[in-house]
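Understanding the architecture of this molecule
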Amino acid sequence: MNIYQEELLDHYENPSNYGTLPRCTISHEEDNPLCGDQIRLDLIVEDDIITKVRFSGHGCTISIASASMLTEEIQGKSLTEVKKLSRDDILDMIGIPLGPVRIKCALLALKVLKVGAYGIKGWPGEENE
Amino acid sequence: MHKLEFRPFDIEAIRKDFPIFATTPPLAFLDNAASTQTPRPVVEAMDAYYDTYRSNIHRGIYRISEEATEQYERAREKVAQLINAPRSRQVIFTRNTTESINLVAYSWGSTNIGEGDEIVLTTMEHHSNLVPWQLLAQRTGARLRFLEITDEGLLDFTQLRDLLTEKTKLVAIGHVSNVLGTINPIQSIIEAAHAVDAKVIVDAAQSVPHFQVDVQQLDCDFLAFSGHKMCGPTGIGVLYGKSELLEEMPPFLGGGSMIRSVERDVSSYAELPAKFEAGTPSIAEAIGLGYTVDYITQANLAAIHVHEQELLKYAHQRLEQIEGITLYGPAPHQKTGVISFNMEGIHPHDVAGILDTHGVAVRAGHHCAQPLMKRLDVIATVRASFYLYNTIEDVDRLYEGLCRAQKLMTRRKIV
Ligand SMILES: Cc1ncc(COP(=O)(O)O)c(C=O)c1O
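Remember, it's a predicted structure, so these values are computed and weren't measured experimentally. (Residues numbered from 1 in each chain as written. Chains lettered and ligands numbered in written order. Predicted model: local features only at pLDDT ≥ 70, side-chain atom pairs only at ≥ 80, totals over all residues. Heavy atoms only, no water.)

A look at the confidence of the model for chain A
- Residues of chain A with pLDDT of at least 70 account for 95%, and the chain-wide mean is 91.
- Ranking the elements of chain A by mean pLDDT puts helix 1 (residues 6-13) of chain A last, at 89, and strand 3 (residues 49-58) of chain A first, at 96. (pLDDT = per-residue confidence, 0-100. Helix = DSSP H or I, 4+ residues; strand = E, 2+ residues; numbered from the N terminus.)

Describing helix 2 (residues 40-52) of chain B
Residue and element names in this part refer to chain B.
- Spanning 13 residues, helix 2 covers 17 Å between terminal C-alpha atoms, matching the ideal 18 Å at 1.5 Å per step.
- Every buried residue belonging to helix 2 is among Val 42, Ala 45, Met 46 and Tyr 49, and all of these are buried. Across the axial projection of helix 2, the buried residues extend over an arc of 90 degrees, all falling on one side. In helix 2, those exposed residues whose orientation departs by more than 90 degrees from the buried face are Asp 51 and Thr 52.
- Of the surrounding elements, those touching the buried residues of helix 2 are helix 3 (63-82) and helix 10 (283-299). (Expected span 1.5 Å × (residues − 1). Buried < 20%, exposed > 50% of the residue type's maximum accessible area, 1.4 Å probe, protein only. Arc of directions from axis to C-beta. Contact = heavy atoms within 4.5 Å.)

Remarks on the site of the ligand
All names here are of chain B.
- Close contacts around the ligand come from Asn 96, Thr 97, Thr 98, His 126, Ser 128, Asn 178, Asp 203, Ala 205, Gln 206, Ser 226, His 228 and Lys 229, and that covers them all.
- One nitrogen or oxygen atom from the side chain of Asp 203 is found 2.5 Å from a nitrogen atom belonging to the ligand.
- Contact with the protein chains hides 87% of the accessible area of the ligand, taken as 390 Å² for the molecule alone. (Near = heavy atom within 4 Å. Polar contact = N/O pair within 3.5 Å; in protein donor to acceptor, adjacent residues only side chain to side chain. Areas by Shrake-Rupley, 256 points an atom, 1.4 Å probe, with all protein chains shown as cover.)

Details of the pattern of salt bridges
Residues and elements named next belong to chain B.
- Scanning the entire structure with this criterion turns up 24 salt bridges over all chains.
- A salt bridge links Asp 31 to Arg 383, with the nearest nitrogen and oxygen atoms 3.4 Å apart. Pair noted here: Asp 31 is in the loop between strand 1 (28-29) and helix 2 and Arg 383 is in strand 15 (residues 381-385), with a separation of 352 residues, a long-range link. In terms of burial, Asp 31 and Arg 383 fall into one category: buried.
- Here Glu 247 ties to Arg 89 by a salt bridge, and the two come within 3.3 Å at their closest N and O atoms. Pair noted here: Glu 247 is in helix 9 (residues 243-248) and Arg 89 is in the loop between helix 3 and strand 2 (91-94), with a separation of 158 residues, a long-range link.
- Its relative accessible area of 22% is what places Arg 89 among the partly exposed residues.
- Bridged by salt links that share partners, the residues Arg 89, Glu 247, Arg 260 and Glu 271 form one connected network. (Salt bridge = Lys/Arg side-chain N within 4 Å of Asp/Glu carboxyl O.)

So, in structure tokens, the structure goes:
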């Protein structure tokens, strides 16, 4: 299957929840040192519920599309629930096989979320918890 | 050493030495600046070691160990000849360019660099010719200074006079940029550095594979390169040094092979080159490197350079036709077979990803040269790099793949 399939390109072309939130509960940014991609997530959390989420930054198709999909996934959910999101959940959302370099692109947004919201450092799936 | 005569080579015959090119669908391998393919004769030489005389070197008093030792030392002689080193003992086998540079930074650096001393680098250095000097500067209180580049990607010589002073103890300079392909006029830099009594280490990772490099003509103090970028195996690299410097330097790694005699509290060290080759080395890989030298010498370095120039000129012509493309670096005649570029509105990763689906292997990223990326004001670039086995068809395939990328992506809005 081709990485450059329509669904991913659509997310890239028209990402969901793109932007920033000037007054938010959590704001965090990370980059991927391999390629310089940068993703920032802004969340408004009320009573443990993520009521609003926006992402911003720059990156390739995979990192932008996965950030877009992640924001759709976590909008309206509780922080407790979202904490369970794993590397495999993201790869399932992307739905195509990725090599070791591109996997980092796919996981960048989740990494931002994990570090920003829970202080869990490291790449999802490789954290030493 | 006599200049190599130009002798065109038979590209079809060369490609037959690399089984990877017989695969279908065809592969346009254009990531040679990262690592190259390995020809059959080199693989066979390493197989022969494993199949017929596998043993440790320098120790065994039996036939196959003696043969392994001989082959290992013959490889050193071939490398010495390739770069015209006066004596083969000035050729130290390491793992790669990075280890060679670290060896100098630790060993020579520990006794020759102190607080307030200055190390001059350039903005286009690979991280492996930058980070070891940062670490040395942090250990010693020395200061790093940088020769900047012009917008065309050439070194800015107007600054050189101000940079080189009596404080300068070392100039660490890449012969050829791995991102831009720029061939730096290092001979004049070496002369200028010597005029202020500074030593010079040349990062030759991207030059030795592509044209004839003569350490005596350059008069460099140290020179480092890797086997895997010149059709050789991974895990083997070279450090050349002037004898008097290598003799005076303290050991880098301690252990077996590098000693003369060992007592409980102190040891005395072996002669060159053993002093810097602690432990069991990459034996098969060193032997493979010897055969690699034979291979590229026979293919003829002058012919390789001319061949790369043809590919490069053609690639420049074709790529310049693509709308929204930016090429970085100087004109083809000032560089080796490297072409770095970006396509407007398409992330370098996506360009490389789409090229991959079209059978073209290129690199996208910062190429271990983040200060240069910053200078070029880009986050990353796409880089295609050629070697002796690449063809005009490979360039056409690159061009077609880029047109495909553009078609697929430019209707897309970029966030
Ligand atoms: C100019 C330059 N210097 C140093 C290196 C490091 O080489 P190695 O990774 O073999 O140590 C490279 C290759 O990546 C290079 O292109």
